[in-house]
Amino acid sequence: MRLVLIAPPGAGKGTQAARIAAHFGVLHIATGNLLRSHVQRGTPLGRAVRASMDAGALVPDRIVRDIVSEAMAGAKAAGVGYVLDGYPRTRAQARAVHRTAARIGMTAHAALHLRVDDEEAVRRMLARAADEHRPDDTEPVIRRRLKLYHEVTRPVVDGYAARGILVSVDGTGTADQVTARVLERLEEPAWPAICIPALLSRPATLEPRATPVLMTGCST
Ligand code: AMP
């Protein structure tokens, strides 16, 4: 199973991505976590992205693209799928990841969109700030990240809808309720019970599917 997860900041995408990845036995690729790890270790890459991250801005495409390409190649080498969490965040990144994934036969089967309204997202992020002390979880930075989400990331969702692989799920409620909702949709019995890799990885330029064709019976 290969999944792209898109959600506004504060929607709990990290938690859901980790659970989905564990459920399907695939690699969880979280760009925010990978970047934060560089910042914490004080690597040259970490020093280069720190200011943008603290300000709630996007870090340069090239940096994130290289991180994702390397992780995706790792998933391919390990013979597993992935849950891509935090990438793509722009239409340009969506095109880039599709090209990279297509080159190695690892294009996404589905894009999961978690829907949470802004006030709920802000409330959750402020609660998280108290626990995790993330420098980008202050209210002005949170508002800026939400604005950025609506302006540049939300259109990516429409792109996946046009490709016919969008699965949109209500992200409100407890983490367990959201996980149950998500897994139910990802294991939708109405979808084919047999995984047909050639069908799943056909290029987006072909006619979009009416219903996502997906993963029941697919291990990757
Ligand atoms: P997240 O943990 O996904 O909320 O990401 C935290 C921060 O990492 C973001 O606010 C950005 O500064 C940076 N980041 C993560 N993913 C990306 C991406 N796809 N493109 C650019 N910046 C990113």
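Residues numbered from 1 in each chain as written. Predicted model: local features only at pLDDT ≥ 70, side-chain atom pairs only at ≥ 80, totals over all residues. Heavy atoms only, no water.

Cis geometry is adopted by the peptide bond preceding Pro88, which originates at Tyr87 and carries an omega value of 5 degrees. Relative to the assigned elements, Pro88 resides in the loop between strand 3 (82-85) and helix 5 (91-103). (Helix = DSSP H or I, 4+ residues; strand = E, 2+ residues; numbered from the N terminus.)

All right, on to helix 1 (residues 13-24) then. Counted at 1.5 Å a residue, the expected span for helix 1 with its 12 residues is 16 Å, and the 16 Å between its end C-alpha atoms agrees. Buried within helix 1 are the following residues: Lys13, Gln16, Ala17, Ile20, Ala21 and Phe24. An end-on view of helix 1 places all buried positions within 130 degrees of arc, on one side of the element. Of the surrounding elements, those touching the buried residues of helix 1 are strand 1 (2-6), strand 2 (27-30), strand 3, strand 4 (110-115) and helix 8 (175-186). Just downstream of helix 1 lies Gly25, where phi reads positive at about 65 degrees. (Expected span 1.5 Å × (residues − 1). Buried < 20%, exposed > 50% of the residue type's maximum accessible area, 1.4 Å probe, protein only. Arc of directions from axis to C-beta. Contact = heavy atoms within 4.5 Å.)

A few words on the site of the ligand. Lys13, Thr31, Ala57, Gly86 and Arg89 are the nearest of the 16 residues found near the ligand. Between the ligand and the protein, one listed contact pairs an oxygen atom with a side-chain N or O atom of Arg36 at 3.0 Å. Between the ligand and Gly86, the relevant distance is 2.9 Å, taken from a nitrogen atom to a main-chain nitrogen or oxygen of the residue. Out of a free accessible area of 480 Å², the ligand has 96% covered by protein chains. Element by element, the count of residues in the shell around the ligand is highest for helix 2 (residues 31-41), at 4 residues. For the shell around the ligand, the residue count by class is 7 nonpolar, 4 polar and 5 charged. (Near = heavy atom within 4 Å. Polar contact = N/O pair within 3.5 Å; in protein donor to acceptor, adjacent residues only side chain to side chain. Areas by Shrake-Rupley, 256 points an atom, 1.4 Å probe, with all protein chains shown as cover. Nonpolar A, V, L, I, M, F, W, Y, C, P; charged D, E, K, R; others polar.)

This brings us to the packing of helix 4 (residues 61-78) against helix 5. Where helix 4 contacts helix 5, the axes come no closer than 11 Å and their chain directions differ by 30 degrees. One element, helix 4, and the other, helix 5, form an angle in the roughly parallel class. As for how helix 4 packs across helix 5, the hand of that crossing is right-handed. When helix 4 is examined against helix 5, the residues Asp61, Arg65, Val68, Ser69 and Met72 are found in contact with a partner set consisting of Ala92, Gln93, Ala96, Val97, Thr100 and Ala101. When grouped by side-chain class, the residues that make up the contact of helix 4 with helix 5 number 6 nonpolar, 3 polar and 2 charged. (Axes fitted to C-alpha atoms, helices over the stretch in contact; angles between N-to-C directions. Parallel < 35°, antiparallel > 145°, perpendicular 65-115°, else oblique. Left-handed = near helix turned anticlockwise from the far one by under 90°.)

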